[in-house]
Amino acid sequence: MKKLNVALIGCGFMGRTHSNAHRKVNNFFDLEYQPVLKIICDVNEDKAKAFAAKWGYESVETDWRKVMANKDIDLVDICLPNNMHMEVSMAAAQAGKIIICEKPLARDGKEGEKMVKAIEKAGVPNLISYNYRRIPAITLAKKLIDEGRLGKIFHYRSKFLQDWTISKDLPQGGDALWRLDVKVAGSGVTGDLLAHCIDTALWLNGSMEQVNAMTETFIKERKHNLTGKVEKVGIDDACAFLARFSNGSLATFESTRYARGHKALFTLEINGEHGSIFWDLHDAHRLQYFDHKDEGSLRGWRSIHVTDSDHPYMKNWWVPGLMIGYEHSFVHQLSDFLQGISSGKPTGPCFRDGLATQYVCDAVLKSAKTNKWEKVKKA
Ligand code: SOE
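Keep in mind it's a predicted model, so treat the numbers as computed, not measured.

**A word on the overall build of the protein chain**
In step 1: Summing up its helical and strand segments, the protein chain has 10 helices and 17 strands in all.
In step 2: Relative to its length of 379 residues, the protein chain is compact, with a C-alpha radius of gyration of 21 Å against a globular reference of 21 Å.
In step 3: Each principal axis of the C-alpha atoms in the protein chain carries an extent, and together these give about 65 × 50 × 40 Å.
In step 4: Sorting the 379 residues of the protein chain into buried and exposed places 47% on the buried side.
In step 5: For the protein chain, the proportion of contacts with a sequence separation of at least 24, taken over those separated by at least 6, is 69%.

**A closer look at the sheet that holds strand S16 (residues 301-305)**
In step 1: Read from one edge to the other, the open sheet built from 9 strands follows the order S16-S15-S14-S13-S7-S12-S11-S8-S17, with strand pairing classed as mixed. A single partner strand is all that each edge strand has here, and the edge strands are S16 and strand S17 (374-375).
In step 2: By the bridge criterion, 4 bridges tie strand S14 (residues 275-280) to strand S15 (residues 286-291) in an arrangement that is antiparallel. Looking at the pairing, Ser276 lines up with Phe290 of S15.
In step 3: Strands strand S8 (208-216), strand S11 (238-245) and S17 of the sheet are contacted by helix H10 (residues 351-370), whose axis makes an angle of about 55° with S8.

**Structural notes on the sheet that holds strand S5 (residues 98-102)**
In step 1: Spatially, S3-S2-S1-S4-S5-S6 is the arrangement adopted by the 6 strands of the open sheet, whose pairing is parallel. Looking along the sheet, the strands with just one partner apiece sit at the ends: strand S3 (59-61) and strand S6 (126-129). When the angles between neighbouring strand axes are averaged without regard to direction, this sheet yields 25°.
In step 2: As judged from the 4 bridges shared by strand S4 (residues 75-78) and S5, these two strands associate in the parallel manner.

**A look at the site of the ligand**
In step 1: In the region of the ligand, the neighbouring residues are Gln162, Asp192, His196 and Ala264.
In step 2: Class assignment of the residues belonging to the shell around the ligand gives a composition of 1 nonpolar, 2 polar and 1 charged.

**Remarks on the packing of helix H8 (residues 189-205) against H10**
In step 1: Axis separation between H8 and H10 bottoms out at 9 Å; the angle between their running directions is 125°. Between H8 and H10, the crossing angle belongs to the class labelled oblique. Here H8 and H10 pass one another in a crossing that is right-handed. For the pair H8 and H10, contact is made by Thr190, Gly191, Leu194, Ala195, Ile198, Asp199 and Leu202 and by Ala356, Thr357, Val360, Cys361, Val364 and Leu365, respectively.
In step 2: Residue classes in the contact of H8 with H10 are distributed as 9 nonpolar, 3 polar and 1 charged.

**Some words on unusual backbone geometry**
In step 1: In this model, Lys103 is joined to Pro104 through a cis peptide bond whose omega is -15°.
In step 2: Relative to the elements of secondary structure, Pro104 occurs in the loop between S5 and helix H5 (109-122).
In step 3: Of note, the bond from Gly348 into Pro349 is cis; its omega dihedral lies within 30 degrees of zero at 0°.
In step 4: With respect to the element layout, Pro349 can be found in the loop between helix H9 (326-343) and H10.
In step 5: A positive phi angle, close to 70°, is found at Tyr313, a residue other than glycine.
In step 6: By the C-beta count within 10 Å, which is 21 here, Tyr313 ends up buried.
In step 7: Residues other than glycine seldom take positive phi values, yet Asn371 does so here, at roughly 65°.

**A few points about the packing of helix H4 (residues 85-94) against H5**
For any two helices packed against each other, the geometry is given by the interaxial angle and the distance between the axes.
In step 1: Where H4 meets H5, the closest approach of the two axes is 8 Å, and the angle between their N-to-C directions is 10°. Between H4 and H5, the angle falls in the class roughly parallel. Residues Met86, Ser89, Met90, Ala93 and Gln94 of H4 touch H5, and the partners they reach there are Glu111, Lys114, Met115, Ala118, Ile119 and Ala122.
In step 2: Partitioning the contact of H4 with H5 into residue classes produces 7 nonpolar, 2 polar and 2 charged.

**Quick look at the domain arrangement of the protein chain**
In step 1: Splitting the protein chain by domain gives domain 1 (2-131) and domain 2 (133-375).
In step 2: In this complex, domain 1 contributes 34 residues to the contact, which on the side of domain 2 involves 39 residues.
In step 3: Every element with two or more residues in the side of domain 1 that touches domain 2 is listed here: helix H1 (13-28), H5 and S6.
In step 4: Considering each element in turn, the side of domain 1 that touches domain 2 owes the most residues, 8 residues, to H1.
In step 5: Its residues placed into classes, the side of domain 1 that touches domain 2 shows 17 nonpolar, 11 polar and 6 charged.

**Details of the pairing of S6**
In step 1: Side chains of S6 alternate between two faces, with Asn126 and Ile128 and Leu127 and Ser129 buried alike.
In step 2: When S5 meets S6, the two strands line up parallel, connected through 4 bridges. Looking at S6, one finds that Cys101 is bridged to Ile128.
In step 3: Traced from S5 through H5 to S6, the parallel crossover comes out right-handed.

Criteria and cut-off values
- Residues numbered from 1 in each chain as written.
- Predicted model: local features only at pLDDT ≥ 70, side-chain atom pairs only at ≥ 80, totals over all residues.
- Helix = DSSP H or I, 4+ residues; strand = E, 2+ residues; numbered from the N terminus.
- Rg over C-alpha atoms; globule rule 2.2 N^0.38 Å.
- Buried ≥ 20, exposed ≤ 12 C-beta atoms within 10 Å, placed from the backbone.
- Contact = placed C-beta atoms within 7 Å.
- Pairing = 2+ DSSP bridges.
- Axes fitted to C-alpha atoms, helices over the stretch in contact; angles between N-to-C directions.
- Near = placed C-beta within 6 Å.
- Nonpolar A, V, L, I, M, F, W, Y, C, P; charged D, E, K, R; others polar.
- Parallel < 35°, antiparallel > 145°, perpendicular 65-115°, else oblique.
- Left-handed = near helix turned anticlockwise from the far one by under 90°.
- Domains from an automatic or database assignment.
- Right-handed = clockwise from strand over helix to strand, strands pointing away.

This is the structure we're talking about:
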(Lines give C-alpha, C1' and ligand atoms only; values in the text may rest on other atoms or scores of the structure.)
Protein backbone atom coordinates (compact mmCIF):
# COMPACT_ATOMS: atom_id res chain seq x y z
CA MET A 1 0.00 0.00 0.00
CA LYS A 2 1.14 3.53 -0.74
CA LYS A 3 1.28 5.70 2.37
CA LEU A 4 -0.64 8.98 2.39
CA ASN A 5 0.58 11.26 5.15
CA VAL A 6 -2.37 13.03 6.74
CA ALA A 7 -2.52 16.31 8.66
CA LEU A 8 -5.91 16.85 10.25
CA ILE A 9 -6.77 20.38 11.35
CA GLY A 10 -9.28 20.90 14.15
CA CYS A 11 -9.92 18.39 16.89
CA GLY A 12 -13.62 18.82 17.60
CA PHE A 13 -16.49 16.43 16.88
CA MET A 14 -15.72 16.26 13.15
CA GLY A 15 -12.00 15.79 13.81
CA ARG A 16 -13.00 12.62 15.65
CA THR A 17 -15.27 11.28 12.90
CA HIS A 18 -12.58 11.86 10.25
CA SER A 19 -9.74 10.46 12.40
CA ASN A 20 -11.77 7.33 13.01
CA ALA A 21 -12.25 6.93 9.24
CA HIS A 22 -8.52 7.34 8.53
CA ARG A 23 -7.73 4.71 11.13
CA LYS A 24 -10.34 2.15 10.06
CA VAL A 25 -10.52 2.43 6.30
CA ASN A 26 -7.74 -0.05 5.45
CA ASN A 27 -9.01 -2.56 8.00
CA PHE A 28 -12.22 -2.98 6.02
CA PHE A 29 -11.55 -1.89 2.43
CA ASP A 30 -8.82 -3.07 0.04
CA LEU A 31 -7.21 0.09 -1.23
CA GLU A 32 -4.04 1.21 -2.92
CA TYR A 33 -3.55 4.02 -0.39
CA GLN A 34 -3.12 3.95 3.37
CA PRO A 35 -3.67 7.15 5.39
CA VAL A 36 -1.00 7.67 8.05
CA LEU A 37 -1.93 9.96 10.93
CA LYS A 38 1.11 12.28 10.93
CA ILE A 39 -0.04 15.61 12.35
CA ILE A 40 -2.98 16.82 14.39
CA CYS A 41 -3.23 20.61 14.31
CA ASP A 42 -5.26 22.78 16.68
CA VAL A 43 -4.68 26.25 18.13
CA ASN A 44 -5.17 24.73 21.57
CA GLU A 45 -1.96 22.76 22.17
CA ASP A 46 -3.22 20.83 25.21
CA LYS A 47 -6.29 19.73 23.30
CA ALA A 48 -4.15 18.70 20.33
CA LYS A 49 -1.79 16.70 22.54
CA ALA A 50 -4.65 14.84 24.22
CA PHE A 51 -6.18 14.19 20.79
CA ALA A 52 -2.84 12.92 19.41
CA ALA A 53 -2.51 10.51 22.33
CA LYS A 54 -6.05 9.21 21.90
CA TRP A 55 -6.06 8.80 18.11
CA GLY A 56 -2.40 7.99 17.47
CA TYR A 57 -1.16 11.08 15.63
CA GLU A 58 2.63 11.18 15.43
CA SER A 59 2.99 14.89 16.14
CA VAL A 60 1.16 18.06 17.15
CA GLU A 61 1.08 21.46 15.47
CA THR A 62 -0.66 24.67 16.53
CA ASP A 63 -0.15 26.73 13.35
CA TRP A 64 -1.97 25.40 10.27
CA ARG A 65 0.35 27.40 7.97
CA LYS A 66 3.27 25.20 9.05
CA VAL A 67 1.26 22.16 7.98
CA MET A 68 1.05 23.55 4.44
CA ALA A 69 4.80 24.16 4.34
CA ASN A 70 5.51 20.58 5.47
CA LYS A 71 6.61 18.60 2.41
CA ASP A 72 5.91 15.26 4.13
CA ILE A 73 2.17 15.93 4.24
CA ASP A 74 0.15 14.59 1.29
CA LEU A 75 -3.40 15.11 2.51
CA VAL A 76 -4.90 17.95 4.54
CA ASP A 77 -8.18 17.19 6.29
CA ILE A 78 -9.99 20.38 7.35
CA CYS A 79 -12.31 19.95 10.33
CA LEU A 80 -12.47 23.61 11.30
CA PRO A 81 -15.41 25.98 11.78
CA ASN A 82 -16.90 27.28 8.52
CA ASN A 83 -15.18 30.70 8.56
CA MET A 84 -11.78 28.96 8.22
CA HIS A 85 -12.65 26.67 5.30
CA MET A 86 -11.77 29.15 2.55
CA GLU A 87 -8.40 30.36 3.78
CA VAL A 88 -7.12 26.96 4.85
CA SER A 89 -8.33 25.01 1.80
CA MET A 90 -6.95 27.61 -0.62
CA ALA A 91 -3.55 27.47 1.12
CA ALA A 92 -3.69 23.66 0.97
CA ALA A 93 -4.46 23.80 -2.76
CA GLN A 94 -1.58 26.18 -3.36
CA ALA A 95 0.70 23.77 -1.50
CA GLY A 96 -0.49 20.95 -3.79
CA LYS A 97 -2.12 18.90 -1.02
CA ILE A 98 -4.98 16.48 -1.45
CA ILE A 99 -7.91 18.12 0.38
CA ILE A 100 -10.82 16.87 2.46
CA CYS A 101 -12.99 19.61 3.96
CA GLU A 102 -15.96 19.35 6.31
CA LYS A 103 -19.32 20.67 5.12
CA PRO A 104 -20.64 23.18 4.33
CA LEU A 105 -18.09 24.24 1.71
CA ALA A 106 -18.06 27.82 2.99
CA ARG A 107 -20.16 30.51 4.64
CA ASP A 108 -21.65 31.53 1.29
CA GLY A 109 -21.37 31.11 -2.46
CA LYS A 110 -18.90 33.98 -2.87
CA GLU A 111 -16.36 32.25 -0.66
CA GLY A 112 -17.19 28.94 -2.30
CA GLU A 113 -16.50 30.28 -5.80
CA LYS A 114 -13.00 31.42 -4.78
CA MET A 115 -12.34 28.02 -3.25
CA VAL A 116 -13.49 26.07 -6.31
CA LYS A 117 -11.39 28.28 -8.59
CA ALA A 118 -8.25 27.76 -6.49
CA ILE A 119 -8.78 24.03 -6.02
CA GLU A 120 -9.52 23.36 -9.70
CA LYS A 121 -6.52 25.48 -10.77
CA ALA A 122 -4.28 23.42 -8.47
CA GLY A 123 -5.82 20.21 -9.86
CA VAL A 124 -5.67 18.43 -6.51
CA PRO A 125 -8.11 15.66 -5.52
CA ASN A 126 -10.77 17.21 -3.32
CA LEU A 127 -13.71 16.09 -1.24
CA ILE A 128 -16.35 17.99 0.66
CA SER A 129 -17.63 15.84 3.49
CA TYR A 130 -21.34 15.18 3.03
CA ASN A 131 -21.21 11.82 4.77
CA TYR A 132 -24.91 10.87 4.63
CA ARG A 133 -24.63 9.94 0.94
CA ARG A 134 -22.62 6.96 2.18
CA ILE A 135 -25.19 5.51 4.55
CA PRO A 136 -25.86 2.18 2.76
CA ALA A 137 -29.64 2.75 2.65
CA ILE A 138 -29.14 6.13 0.95
CA THR A 139 -26.63 4.69 -1.50
CA LEU A 140 -29.16 1.93 -2.25
CA ALA A 141 -31.84 4.60 -2.82
CA LYS A 142 -29.52 6.25 -5.36
CA LYS A 143 -29.13 2.88 -7.14
CA LEU A 144 -32.90 2.31 -7.28
CA ILE A 145 -33.49 5.79 -8.68
CA ASP A 146 -30.68 5.49 -11.25
CA GLU A 147 -32.12 2.13 -12.37
CA GLY A 148 -35.37 3.98 -13.09
CA ARG A 149 -37.39 1.97 -10.56
CA LEU A 150 -39.24 5.05 -9.32
CA GLY A 151 -39.88 6.33 -12.84
CA LYS A 152 -40.62 10.02 -13.22
CA ILE A 153 -40.16 11.76 -9.87
CA PHE A 154 -43.06 13.96 -8.71
CA HIS A 155 -42.18 14.83 -5.11
CA TYR A 156 -39.13 15.18 -2.87
CA ARG A 157 -39.60 15.80 0.86
CA SER A 158 -36.84 16.19 3.40
CA LYS A 159 -36.31 17.48 6.92
CA PHE A 160 -33.62 17.67 9.57
CA LEU A 161 -34.90 18.41 13.06
CA GLN A 162 -32.99 18.98 16.31
CA ASP A 163 -33.80 20.53 19.70
CA TRP A 164 -30.53 21.59 21.31
CA THR A 165 -30.75 25.42 21.14
CA ILE A 166 -34.17 25.97 22.76
CA SER A 167 -32.78 27.35 26.04
CA LYS A 168 -32.38 31.13 25.94
CA ASP A 169 -29.47 30.74 28.38
CA LEU A 170 -27.35 28.90 25.83
CA PRO A 171 -24.54 31.27 24.80
CA GLN A 172 -23.24 31.72 21.25
CA GLY A 173 -19.66 31.51 19.98
CA GLY A 174 -16.50 29.65 20.95
CA ASP A 175 -15.62 25.98 20.89
CA ALA A 176 -18.77 23.88 20.50
CA LEU A 177 -21.12 26.84 20.00
CA TRP A 178 -19.64 28.57 16.95
CA ARG A 179 -22.58 27.13 15.02
CA LEU A 180 -24.73 29.82 16.69
CA ASP A 181 -22.39 32.67 15.72
CA VAL A 182 -23.28 33.93 12.25
CA LYS A 183 -19.85 35.46 11.64
CA VAL A 184 -18.28 32.03 12.03
CA ALA A 185 -21.02 29.73 10.70
CA GLY A 186 -22.38 31.93 7.89
CA SER A 187 -25.93 30.80 8.65
CA GLY A 188 -27.84 28.62 11.10
CA VAL A 189 -29.79 25.51 10.25
CA THR A 190 -29.63 26.31 6.53
CA GLY A 191 -25.87 25.80 6.21
CA ASP A 192 -25.57 23.29 9.03
CA LEU A 193 -28.51 20.92 8.60
CA LEU A 194 -30.43 21.73 5.43
CA ALA A 195 -27.10 21.58 3.59
CA HIS A 196 -27.14 17.81 4.28
CA CYS A 197 -30.72 17.50 2.98
CA ILE A 198 -29.82 19.57 -0.09
CA ASP A 199 -26.62 17.68 -0.92
CA THR A 200 -28.46 14.36 -0.71
CA ALA A 201 -31.35 15.76 -2.76
CA LEU A 202 -29.11 17.08 -5.54
CA TRP A 203 -27.38 13.71 -5.66
CA LEU A 204 -30.60 11.69 -5.75
CA ASN A 205 -32.87 13.98 -7.74
CA GLY A 206 -30.65 16.33 -9.77
CA SER A 207 -30.39 20.10 -9.81
CA MET A 208 -32.82 22.65 -8.37
CA GLU A 209 -34.21 25.60 -10.31
CA GLN A 210 -35.84 27.88 -7.74
CA VAL A 211 -36.77 28.13 -4.09
CA ASN A 212 -39.19 30.00 -1.85
CA ALA A 213 -38.21 30.12 1.82
CA MET A 214 -39.04 31.37 5.28
CA THR A 215 -36.67 31.53 8.23
CA GLU A 216 -37.02 32.52 11.87
CA THR A 217 -34.65 33.41 14.69
CA PHE A 218 -36.60 32.57 17.83
CA ILE A 219 -34.04 33.84 20.33
CA LYS A 220 -32.87 37.25 19.23
CA GLU A 221 -29.98 37.83 21.64
CA ARG A 222 -27.51 35.53 23.36
CA LYS A 223 -24.42 36.07 25.44
CA HIS A 224 -21.28 35.67 23.32
CA ASN A 225 -18.72 33.33 24.83
CA LEU A 226 -15.75 35.23 23.44
CA THR A 227 -16.78 38.84 24.20
CA GLY A 228 -18.83 38.10 27.33
CA LYS A 229 -21.47 40.55 26.01
CA VAL A 230 -25.09 39.91 25.07
CA GLU A 231 -25.13 40.14 21.27
CA LYS A 232 -27.68 39.93 18.48
CA VAL A 233 -28.20 36.43 17.11
CA GLY A 234 -27.66 36.45 13.34
CA ILE A 235 -28.37 32.83 12.46
CA ASP A 236 -31.61 31.23 11.29
CA ASP A 237 -32.94 28.96 14.05
CA ALA A 238 -35.49 27.41 11.69
CA CYS A 239 -35.98 27.35 7.95
CA ALA A 240 -38.56 25.85 5.63
CA PHE A 241 -38.58 26.11 1.88
CA LEU A 242 -40.34 25.00 -1.26
CA ALA A 243 -38.30 24.04 -4.30
CA ARG A 244 -38.71 23.15 -7.95
CA PHE A 245 -36.22 20.65 -9.37
CA SER A 246 -35.05 20.71 -12.99
CA ASN A 247 -36.74 17.31 -13.55
CA GLY A 248 -40.12 18.92 -12.83
CA SER A 249 -40.58 17.56 -9.32
CA LEU A 250 -41.82 19.68 -6.42
CA ALA A 251 -40.12 19.64 -3.04
CA THR A 252 -40.45 20.71 0.56
CA PHE A 253 -37.55 21.04 2.99
CA GLU A 254 -37.62 21.90 6.69
CA SER A 255 -35.07 22.26 9.43
CA THR A 256 -35.04 23.57 12.98
CA ARG A 257 -33.15 23.30 16.25
CA TYR A 258 -36.45 23.88 18.10
CA ALA A 259 -38.30 20.59 17.57
CA ARG A 260 -38.48 19.34 21.16
CA GLY A 261 -37.76 15.63 21.33
CA HIS A 262 -35.91 15.38 18.01
CA LYS A 263 -32.14 15.06 18.22
CA ALA A 264 -31.15 14.42 14.62
CA LEU A 265 -34.30 13.53 12.71
CA PHE A 266 -33.08 13.59 9.12
CA THR A 267 -35.70 12.07 6.81
CA LEU A 268 -36.38 11.98 3.12
CA GLU A 269 -39.21 10.72 0.96
CA ILE A 270 -39.37 10.54 -2.80
CA ASN A 271 -42.53 9.76 -4.75
CA GLY A 272 -42.29 8.66 -8.36
CA GLU A 273 -44.56 7.27 -11.04
CA HIS A 274 -43.75 3.61 -10.25
CA GLY A 275 -42.76 3.77 -6.62
CA SER A 276 -41.69 5.65 -3.53
CA ILE A 277 -38.88 5.51 -1.02
CA PHE A 278 -38.64 6.75 2.54
CA TRP A 279 -35.63 6.92 4.86
CA ASP A 280 -35.09 8.10 8.42
CA LEU A 281 -31.69 8.60 10.07
CA HIS A 282 -33.03 7.26 13.39
CA ASP A 283 -33.62 3.96 11.61
CA ALA A 284 -30.63 4.42 9.31
CA HIS A 285 -30.21 0.86 8.04
CA ARG A 286 -33.81 0.58 6.81
CA LEU A 287 -35.00 1.74 3.42
CA GLN A 288 -38.76 1.80 2.96
CA TYR A 289 -39.65 1.04 -0.64
CA PHE A 290 -43.03 0.83 -2.36
CA ASP A 291 -43.11 -0.72 -5.83
CA HIS A 292 -46.38 -0.21 -7.70
CA LYS A 293 -45.32 -2.92 -10.18
CA ASP A 294 -45.70 -5.56 -7.46
CA GLU A 295 -48.65 -7.96 -7.82
CA GLY A 296 -51.77 -6.09 -6.65
CA SER A 297 -52.82 -8.24 -3.72
CA LEU A 298 -49.28 -8.28 -2.28
CA ARG A 299 -48.47 -4.65 -2.98
CA GLY A 300 -47.28 -2.67 0.01
CA TRP A 301 -44.35 -0.87 1.61
CA ARG A 302 -41.27 -3.08 1.99
CA SER A 303 -38.93 -2.37 4.85
CA ILE A 304 -35.52 -3.34 3.51
CA HIS A 305 -32.95 -4.05 6.20
CA VAL A 306 -29.92 -2.78 4.29
CA THR A 307 -27.41 -5.12 5.90
CA ASP A 308 -27.01 -7.91 3.35
CA SER A 309 -23.78 -8.59 1.51
CA ASP A 310 -25.25 -7.43 -1.79
CA HIS A 311 -26.16 -4.05 -0.29
CA PRO A 312 -23.77 -1.11 -0.77
CA TYR A 313 -20.62 -1.36 1.41
CA MET A 314 -22.05 -4.12 3.63
CA LYS A 315 -19.91 -7.04 2.47
CA ASN A 316 -16.91 -5.16 3.87
CA TRP A 317 -18.29 -5.25 7.42
CA TRP A 318 -19.78 -8.13 9.39
CA VAL A 319 -22.11 -10.95 8.43
CA PRO A 320 -25.55 -10.29 6.87
CA GLY A 321 -28.10 -8.80 9.25
CA LEU A 322 -25.60 -7.09 11.55
CA MET A 323 -25.85 -3.32 11.68
CA ILE A 324 -23.36 -0.53 11.27
CA GLY A 325 -23.79 3.15 12.26
CA TYR A 326 -23.18 6.85 11.70
CA GLU A 327 -19.38 6.67 11.86
CA HIS A 328 -19.25 4.12 9.06
CA SER A 329 -20.56 6.68 6.58
CA PHE A 330 -17.26 8.57 7.03
CA VAL A 331 -15.27 5.37 6.45
CA HIS A 332 -17.22 4.69 3.23
CA GLN A 333 -16.73 8.27 2.10
CA LEU A 334 -12.97 8.04 2.63
CA SER A 335 -12.77 4.64 0.95
CA ASP A 336 -14.59 5.98 -2.13
CA PHE A 337 -12.38 9.07 -2.17
CA LEU A 338 -9.16 7.02 -2.01
CA GLN A 339 -10.45 4.66 -4.70
CA GLY A 340 -11.20 7.71 -6.83
CA ILE A 341 -7.61 8.88 -6.46
CA SER A 342 -6.38 5.45 -7.59
CA SER A 343 -8.74 5.18 -10.54
CA GLY A 344 -8.67 8.84 -11.56
CA LYS A 345 -12.49 8.75 -11.42
CA PRO A 346 -13.54 10.88 -8.42
CA THR A 347 -16.84 9.88 -6.84
CA GLY A 348 -17.60 13.21 -5.17
CA PRO A 349 -18.95 15.26 -3.64
CA CYS A 350 -16.08 17.47 -4.82
CA PHE A 351 -15.78 21.16 -4.00
CA ARG A 352 -17.84 22.07 -7.08
CA ASP A 353 -20.65 19.82 -5.80
CA GLY A 354 -20.31 21.62 -2.46
CA LEU A 355 -20.73 24.91 -4.32
CA ALA A 356 -23.99 23.65 -5.87
CA THR A 357 -25.34 23.06 -2.35
CA GLN A 358 -24.01 26.45 -1.26
CA TYR A 359 -25.88 28.16 -4.11
CA VAL A 360 -29.14 26.54 -2.97
CA CYS A 361 -28.47 27.75 0.60
CA ASP A 362 -27.76 31.27 -0.71
CA ALA A 363 -31.00 31.30 -2.72
CA VAL A 364 -32.95 30.01 0.31
CA LEU A 365 -31.58 32.73 2.61
CA LYS A 366 -32.18 35.39 -0.05
CA SER A 367 -35.75 34.24 -0.60
CA ALA A 368 -36.43 34.39 3.15
CA LYS A 369 -35.46 38.08 2.99
CA THR A 370 -37.17 39.04 -0.28
CA ASN A 371 -40.30 36.91 0.31
CA LYS A 372 -40.07 35.88 -3.33
CA TRP A 373 -39.13 32.83 -5.39
CA GLU A 374 -35.38 32.99 -6.07
CA LYS A 375 -33.44 31.29 -8.86
CA VAL A 376 -30.67 28.88 -7.91
CA LYS A 377 -27.30 29.57 -9.54
CA LYS A 378 -25.70 26.64 -11.39
CA ALA A 379 -22.32 25.52 -10.10
C1 SOE B 1 -25.16 19.90 14.37
O2 SOE B 1 -25.66 19.53 15.62
C3 SOE B 1 -24.57 18.68 13.64
O4 SOE B 1 -23.51 18.18 14.39
C5 SOE B 1 -24.09 19.08 12.25
O6 SOE B 1 -23.07 20.06 12.29
C7 SOE B 1 -23.66 17.85 11.50
O8 SOE B 1 -23.25 18.18 10.19
C9 SOE B 1 -24.83 16.86 11.46
O10 SOE B 1 -24.47 15.71 10.75
C11 SOE B 1 -25.29 16.51 12.84
O12 SOE B 1 -25.60 17.69 13.53
